[in-house]
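Secondary and tertiary structure notes
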Amino acid sequence: MADIETVKRQFEAVLHNVSDDVRSQFLSWIKNKINSGEWGDVTREKSNEDVMLESIQSDLRSELPVNAVSHTENIHFPQTGPNADCDPSTTVHVDAFLYDEDAIDDLCEDQEVQMNCCCGSQEVQPLTFITHSASAAQVKYIFNYALPDLSGKTVLDVGSRTGAVLYGAYLYSKAKHIVGVEIDSTFTSLQTAAVAKYNMADRIQVIHDDILNQGPLIASSDVVILNNVFEFFVPKDLQEKLWIYLFATLRNNTILVTVPSLEESLQQLKTGINLEQCVESIDLTAPLQQGRLELLDSADADDSDLTRIHLYRVLASHSPCQ
Ligand SMILES: C[S@@+](CC[C@H](N)C(=O)[O-])C[C@H]1O[C@@H](n2cnc3c(N)ncnc32)[C@H](O)[C@@H]1O
């Protein structure tokens, strides 16, 4: 019988001798075999970090309504841009951190969320699902695959909401200082309670404030996360002010993690920000390939969760940007 090292070498030799396309199909085939259980239960045990994240998710599910919209906030539906088709009457907020695709299917089966709705004309219209939090897969992808080693670094999540990114940074990176700034009081309290319960206050700080008051923090952060932070929460003129302020405050070399791309976020706004001069895009082809394989449940799963994540390095922060 061959030993494990020999088997690994043979496996790698097979992968080296085929085209990228065949390699990808072959790996997907293996993944499907494993997921289907055809080869027995060969999946590795969950890590302590995954178990802890699941426990936080479960706590938050019990504290928030299914739509995870707080009574202290006002959602603004965009009037222009790619999300302008989010008709409030056919749009359902389902928090992707609290409910993954399987959990949404369960909710649909339990009729808590109906996949289709009848409008006045008796037509049946499919619902648009939107989330205001990063999913667990996105959080793991950002900190396990997309970002470099964060030892000693400061991570800032602008608009930290349920705290998904904060817990992810704590569990899946070595960042020294992880800060969430959130304007909504309900979500700030929720994050503060989770951080205390899971003993994460040694590295996580939650600040209840408008990011416009946090210039020194923005300027001292090595990584700034901007997950669709303003579009559904503030009117267009204020979004413009916020982006201009951010770009005037960020320091050179800070890494930005954005959903969607900066180009898409700024497209409908009049900010005068010249992205070509302020940021360079960081290529995510390799981490994406690895993340897809290891994080998504089936090989043909919709990977738009991961592909919507973009990384940039800040090149210049003041006048050259505009
Ligand atoms: C789409 S959620 C992002 C959630 C979180 N970062 C994540 O990835 O899971 C955006 C959050 O930003 C907050 N927000 C919007 N404008 C803000 C501002 N000016 N200062 C601080 N937080 C803000 C909103 O209240 C909302 O909870």
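Residues numbered from 1 in each chain as written. Predicted model: local features only at pLDDT ≥ 70, side-chain atom pairs only at ≥ 80, totals over all residues.

1. Notes on the overall build of the protein
This is how it is decided: Per the convention used, a helix needs a DSSP run of H or I reaching at least four residues, while a strand needs a run of E reaching at least two, with both numbered from the N terminus. Three exposure classes are used, based on other C-beta atoms lying within 10 Å of a residue's own C-beta, which is placed from the backbone: buried for 20 or more, exposed for 12 or fewer, and partly exposed in between. Any pair of residues counts as being in contact when their C-beta atoms, constructed from backbone geometry, are within 7 Å of one another.
Along its length, the protein carries 13 helices and 11 strands. For the protein, the residues scored as buried account for 32% of the 322 residues in total. The contacts of the protein with a sequence gap of at least 6 include a subset with a gap of at least 24, amounting to 77%.

2. Quick notes on unusual backbone geometry
With an omega of -5°, the peptide bond between Val-259 and Pro-260 qualifies as cis. Secondary-structure assignment places Pro-260 in the loop between β9 (255-259) and α10 (262-267). The backbone of Asn-199 shows a phi angle near 55°, a positive value even though the residue is not glycine. Summarising the element assignment, Asn-199 is placed in the loop between α7 (185-197) and β7 (204-208). The class of Asn-199 is exposed, set by 9 C-beta atoms lying within 10 Å.

3. Notes on the sheet that holds strand β11 (residues 310-314)
Defined as follows: Note on pairing: two strands pair once DSSP finds at least 2 bridges between them. Each axis is a line fitted through C-alpha atoms, taken for helices only over the stretch in contact, and angles between the N-to-C directions span 0 to 180 degrees.
In spatial order, the strands read β7-β6-β5-β8-β9-β11-β10; together these 7 strands make up an open sheet with mixed pairing. Edge positions in the sheet fall to β7 and β10 (279-282), since each has one partner strand and no second. Adjacent strand axes in the sheet meet at a mean angle of 20°, parallel and antiparallel pairs treated alike. Across 5 bridges, the pairing between strand β8 (residues 223-227) and β9 is parallel. Bridge pairing links Ile-225 to Val-257 in β9. Strands β5 (154-158), β6 (177-182), β7 and β8 of the sheet are contacted by helix α6 (residues 164-172), whose axis makes an angle of about 180° with β6.

4. Observations concerning the pairing of β6
Basically, it comes down to this: The definition of a right-handed crossover adopted here requires that, viewed with the strands pointing away, the path from the first strand over the helix to the second runs clockwise.
Burial runs high along β6: 5 of the 6 residues are buried. Alignment of β5 against β6, held across 5 bridges, turns out to be parallel. By the bridge assignment for β6, Thr-154 is matched with His-177. This β-α-β element, β5 to α6 to β6, shows right-handed connectivity. Two elements, β6 and β7, share 5 bridges in a ladder whose sense is parallel. Each bridged residue has a counterpart across the sheet, and for Ile-178 the counterpart in β7 is Ile-204.

5. Considerations on the site of the ligand
We apply this condition: The criterion for a residue being near a molecule or strand is a backbone-placed C-beta atom within 6 Å of that molecule or strand. We call Asp, Glu, Lys and Arg charged. Ala, Val, Leu, Ile, Met, Phe, Trp, Tyr, Cys and Pro are nonpolar, and the rest, Gly among them, are polar.
In the neighbourhood of the ligand, 26 residues make up the surrounding shell, with Ser-133, Ala-134, Gly-159, Arg-161 and Asn-227 lying closest. A breakdown of the residues in the shell around the ligand according to their chemical character gives 14 nonpolar, 6 polar and 6 charged.

6. Concerning the environment of Thr-188
Here Thr-188 lies in helix α7. Remark: the alpha-carbon pair of Thr-188 and His-208, spanning 20 residues in sequence, is separated by 5.9 Å. Leave out the neighbours within four places in its chain, and Thr-188 touches Glu-182, Val-206 and His-208.

7. Here we look at the packing of helix α5 (residues 136-146) against α6
This is how the line gets drawn: Roughly parallel means an angle under 35 degrees; roughly antiparallel, over 145; roughly perpendicular, 65 to 115; everything else is oblique. Each helix crossing is assigned a hand: it is left-handed if the near helix lies turned anticlockwise from the far helix by less than a right angle, otherwise right-handed if that turn is clockwise.
Running from N to C, α5 and α6 point in directions that differ by 40°, and their axes come no closer than 9 Å. Considering their axes alone, α5 and α6 lie oblique with respect to each other. Considering the relative orientation of α5 and α6, their crossing is right-handed. Where α5 approaches α6, its residues Val-139, Lys-140, Ile-142, Phe-143 and Asn-144 are matched on the opposing element by Ala-164, Val-165, Gly-168, Ala-169 and Tyr-172. Taken together, the residues of the contact of α5 with α6 sort by class into 7 nonpolar, 2 polar and 1 charged.

8. Looking at the environment of Val-314
Turning to its location among the elements, Val-314 is positioned in strand β11. Judged by local crowding, Val-314 falls into the partly exposed class, with 19 C-beta atoms found within 10 Å. Residues Val-314 and Leu-256, 58 residues apart in the sequence, show an inter-C-alpha distance of 7.3 Å. In contact with Val-314, not counting residues within four places along its chain, are Leu-250, Arg-251, Asn-252, Asn-253, Thr-254, Leu-256, Cys-278 and Val-279.

9. Some details on α7
Here is the rule: Take the number of residues in a helix, subtract one, and multiply by 1.5 Å to get its expected span. The arc in question is the one spanned by the directions pointing from the helix axis to the C-beta atoms.
Along its 13 residues, α7 runs 18 Å from first to last C-alpha, staying within 8% of the 18 Å computed at 1.5 Å per residue. Of the positions making up α7, those classed as buried are Phe-187, Thr-188, Leu-190, Gln-191, Ala-194 and Val-195. Seen end-on, α7 carries its buried residues on one side only, within an arc spanning 165°. Turned more than 90 degrees from where α7 packs its buried face, Ser-185, Ala-196 and Lys-197 sit exposed. Of the surrounding elements, those touching the buried residues of α7 are α3 (48-63), α6, β6 and β7. Backbone geometry just after α7 places Asn-199 at a positive phi near 55°.

10. Considerations on α5
Burial within α5 is extensive, with 10 of its 11 residues counted as buried. Those residues of α5 that sit buried are Ala-136, Ala-137, Gln-138, Val-139, Lys-140, Tyr-141, Ile-142, Phe-143, Tyr-145 and Ala-146. Structurally, α5 contributes buried residues whose contacts are with α3, α6, β9, α12 (285-295), α13 (304-307) and β11.

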